[in-house]
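The residues making up each chain are set out below.
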Amino acid sequence: MNCSEDELQYYSYGDQYLCGYTNILTCIIGAFFHTSIIVVYTRKNMISSMNTVLVHSSAVTLLSTIVYLPHSWHEFIRANLYTIEKHRQESWEIISLYSWHLNAVLSYTSTGIAIMMGVWRYIAVIHPLKERYWCNMRNTRIAIAALYAVAIVALIPAINEMKIVETYKILGLDGFMAKNCTAGNRTKIYEMKIQIEDNDFAYFVTFIWYGLLLKTLPSIFLGAISLKLILALRKAKNFRQQVTITRSQSKPNSRSSKTTRTDPTDRTTKMLLMILAIFIISELPDGIFCTLTAFRGKEFFHKYYYPSWELITTLVQVCDNLNFIVFYTMSNQFRVTFKALFRKRNGDMSDSPANT
C-alpha cells in the first residue's frame with residue numbers, strides 16, 4: 001500500500017460506523033429469516049425433495065451470515081474503537097483468515113445448491129414423469145452431500161492464496177494512520193495479504209476460477225434455465241386457456257368453464273424463479289468484477305474491486321434476506337406454517353403433503 005492509499009484509509013475511518021452497524025443489523029435480521037425458513041421447511045408436513053434443497057440453501061446462507069458478523073465488527077467497528085496497532089492484532093487477523101476460508105466454502109456450496117435448485121425444478125416442469133426417479137429424496141441428499149465435498153476440495157488450491165504477514169505502518173501520536181507519510185512512529189501490525197500477486201499466471205487463474213467459473217457462468221446458466229421455465233409456464237398457461245375454450249364450446253352452461261385456476265405447480269415455479277433471480281442479481285456483480293480483475297490485472301483490483309468489495313458483500317446479504325419475503329408472500333403453505341409456529345396450539349397446522 002502506497003502513501004496516498006494510507007492517507008485515504010486514514011480519512012475513511014470516520015465513515016465506517018454506518019457501514020459496520022448496517023451490516024451487523026442486516027446479518028441479525030438475516031439470521032432470523034433463514035432460521036425461520038429452516039424451521040418451517042423441516043416440519044413434518046413440509047418435507048419434500050425441493051424443500052430439502054431450500055433448507056440447505058438457507059443453512060449455508062445462515063452460516064455465511066454468522067461468519068460475516070465478526071468480520072463486520074473487526075473491520076468497521078473495532079477500527080474506530082482501537083488504535084491501528086491494537087486493531088490489527090495477529091489473533092483477529094487469524095479469525096479473519098479462517099472466516100475467509102469458510103466463506104469461500106459456503107460460497108461454492110451456495111452456487112452449487114442454486115444450480116441444483118434450477119435443475120431440479122427444470123426436470124419437474126419439463127420432464128414431470130422422470131422427477132420421481134431423478135429428484136427423489138435419496139438422490140437429493142446424495143447430490144447435496146456431494147456439493148459440500150466438492151466445495152471443500154475446491155478450496156484446497158486457494159488455501160495458500162491468503163496469508164497473514166507482518167508489515168510496518170507510519171502511525172501518528174494518536175495511534176492512527178499518519179497524515180504525513182514521513183512523520184510518526186513506525187509500528188508493526190499484522191495484515192491479511194494475497195500471496196499470488198507476484199505470480200501473474202496464478203493471479204489470472206485464481207480470479208478466472210472464482211469470477212468466471214464460480215460466479216458468472218453459473219449465473220448465465222441459471223438465467224438460461226429460468227428462461228426455459230418461463231417459456232414452459234407460458235406454454236402451460238396457453239394450454240389451459242385452450243382447454244377452457246374447448247370446454248366452454250362443448251358445455252356452454254358449465255360453471256367450471258368460466259374460471260381458470262392457477263396450477264399450484266406454476267405458483268411453485270414462479271416462486272423459485274424469484275429465488276433464482278435474486279441469486280443472479282447478488283452474485284453476478286462479484287463475478288463480473290473478478291473476471292475483469294483477471295484480465296485487467298492488479299491495478300484494477302486495488303482501484304475498483306477491493307474498494308467495492310464490502311458494497312458487493314452487503315448487496316449479497318440484503319438479497320439473501322429477500323428470500324424469506326418471497327417465501328412468505330408467494331407460498332400459502334409456508335405462510336400458514338410460519339404463523340402456526342407462533343400459536344399456542346399446534347393443532348392448526350396442516351398435515352397435508354408438502355407443496356412449496
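Predicted model, so just to flag it, every value in this text is computed and none were measured. (Residues numbered from 1 in each chain as written. Predicted model: local features only at pLDDT ≥ 70, side-chain atom pairs only at ≥ 80, totals over all residues. Heavy atoms only, no water.)

### Some details on the overall build of the protein chain
Piece 1. Check the secondary structure of the protein chain and you find eleven helices and two strands.
Piece 2. Taken from the N to the C terminus, the helices and strands of the protein chain come in the order α-α-α-α-α-α-α-β-β-α-α-α-α.
Piece 3. The buried share among the 356 residues of the protein chain stands at 44%.
Piece 4. Of the contacts made within the protein chain by residues no fewer than 6 positions apart, 76% connect residues no fewer than 24 positions apart.
Piece 5. As displayed, the protein chain offers around 19800 Å² of accessible surface, 62% of which is attributable to carbon and sulfur atoms. (Helix = DSSP H or I, 4+ residues; strand = E, 2+ residues; numbered from the N terminus. Buried < 20%, exposed > 50% of the residue type's maximum accessible area, 1.4 Å probe, protein only. Contact = heavy atoms within 4.5 Å. Areas by Shrake-Rupley, 256 points an atom, 1.4 Å probe, with all protein chains shown as cover.)

### Quick notes on the confidence of the model for the protein chain
Piece 1. Model confidence for the protein chain is summarised by a mean pLDDT of 81, while 81% of its residues fall at 70 or above.
Piece 2. Segment residues 1-14 is flagged for pLDDT under 50; beyond a separation of four residues in sequence, or across chains, it makes 21 contacts in the model. (pLDDT = per-residue confidence, 0-100.)

### As for the packing of aromatic side chains
Piece 1. Counted under the stated rule, the structure contains 20 aromatic pairs.
Piece 2. Ring geometry for F301 and Y306: centres 6.0 Å apart, planes at 45 degrees, overall tilted.
Piece 3. Residue F301 is classed as buried on the basis of its relative accessible area of 8%.
Piece 4. On the numbers, 6.1 Å between centres and 20 degrees between planes, the contact of F324 with Y328 is stacked. Linking F324 with Y328, this pair stays in helix α10 (residues 298-330), spanning four residues, or about one helical turn.
Piece 5. Residue Y328 is classed as partly exposed on the basis of its relative accessible area of 26%.
Piece 6. The ring of Y133 has R132 lying over it, and the distance from NZ or CZ to the ring centre is 5.5 Å.
Piece 7. Across from the ring centre of Y203, 5.8 Å away, lies the NZ or CZ of K298, which sits over that ring. (Phe/Tyr/Trp six-rings, centres within 6.5 Å; stacked < 30°, edge-to-face > 60°. Lys NZ or Arg CZ within 6 Å of the ring centre and 35° of its normal.)

### Here's the deal with the side chain of S58
Piece 1. Inspection of the secondary structure puts S58 in helix α3 (residues 49-81).
Piece 2. Aside from chain neighbours lying at most four places away, what touches S58 is H34, I37 and I38.

### Focus on the packing of α10 against helix α11 (residues 332-340)
Piece 1. Taken N-terminus to C-terminus, the directions of α10 and α11 make an angle of 100 degrees; their axes are 5 Å apart at the nearest point. When the interaxial angle is binned, α10 and α11 end up roughly perpendicular. Between α10, through F324, F327, Y328, T329 and M330, and α11, the contact on the second element is made entirely by N332, F334, R335, F338 and K339.
Piece 2. Looking at the contact of α10 with α11 residue by residue, the class counts come to six nonpolar, two polar and two charged. (Axes fitted to C-alpha atoms, helices over the stretch in contact; angles between N-to-C directions. Parallel < 35°, antiparallel > 145°, perpendicular 65-115°, else oblique. Nonpolar A, V, L, I, M, F, W, Y, C, P; charged D, E, K, R; others polar.)

### Notes on the pattern of salt bridges
Piece 1. Summed over all chains, the structure comprises one salt bridge.
Piece 2. With a shortest N-O distance of 2.3 Å, E283 and K215 are connected by a salt bridge. Highlighted residues: E283 in helix α9 (residues 264-296) and K215 in helix α8 (residues 200-250), separated in sequence by 68 residues. Residue E283 shares its accessibility class with K215, and that shared class is buried. (Salt bridge = Lys/Arg side-chain N within 4 Å of Asp/Glu carboxyl O.)

### So, the environment of L214
Piece 1. Here L214 is to be found in helix α8.
Piece 2. Taking the C-alpha atoms as reference points, L214 and Y108, 106 residues apart in sequence, are found 6.9 Å from one another.
Piece 3. Those residues in contact with L214 that lie beyond four places of it in its chain are Y108, T111 and W209.

### Some details on the nonpolar core
Piece 1. By size, the foremost hydrophobic cluster in this structure holds 35 residues, and its most contacted members are Y41, V53, M117, F327 and F334.
Piece 2. Within the residue set of this core, elements represented by two or more residues are α2 (16-41), α3, α5 (90-126), α9, α10 and α11.
Piece 3. In contact with V53, other than residues within four places in its own chain, are I113, M116, M117, T140 and I144.
Piece 4. Y203, F207, Y305 and I312 belong to the second-largest nonpolar core, a separate cluster that totals eight residues. (Core = buried A, V, L, I, M, F, W, Y, C linked by side-chain atoms within 4.5 Å.)

### Observations concerning helix α7 (residues 137-155)
Piece 1. Across its 19 residues, α7 extends 28 Å between first and last C-alpha, which sits within 8% of the 27 Å expected from 1.5 Å per residue.
Piece 2. Here α7 has its buried residues at M137, T140, I144, A151, A154 and L155. Considered in projection along α7, the buried side chains sweep an arc of 120 degrees and stay on one side of the axis. Structural note: α7 exposes R138, V150, I152 and V153 on the side pointing more than 90 degrees away from its buried face. (Expected span 1.5 Å × (residues − 1). Arc of directions from axis to C-beta.)

### As for the packing of α3 against α10
Angle between the axes and distance between the axes are the two parameters that describe a pair of packed helices.
Piece 1. The interhelical angle for the contact between α3 and α10, taken along N-to-C directions, is 145 degrees, at an axis separation of 11 Å. Considering the relative orientation of α3 and α10, their crossing is left-handed. Across the interface between the two elements, L54, T61, T65, Y68, H71 and F76 of α3 pack against W309, E310, T313, Q317, D320 and F327 of α10.
Piece 2. Along the lines of polarity and charge, the residues of the contact of α3 with α10 split into five nonpolar, five polar and two charged. (Left-handed = near helix turned anticlockwise from the far one by under 90°.)

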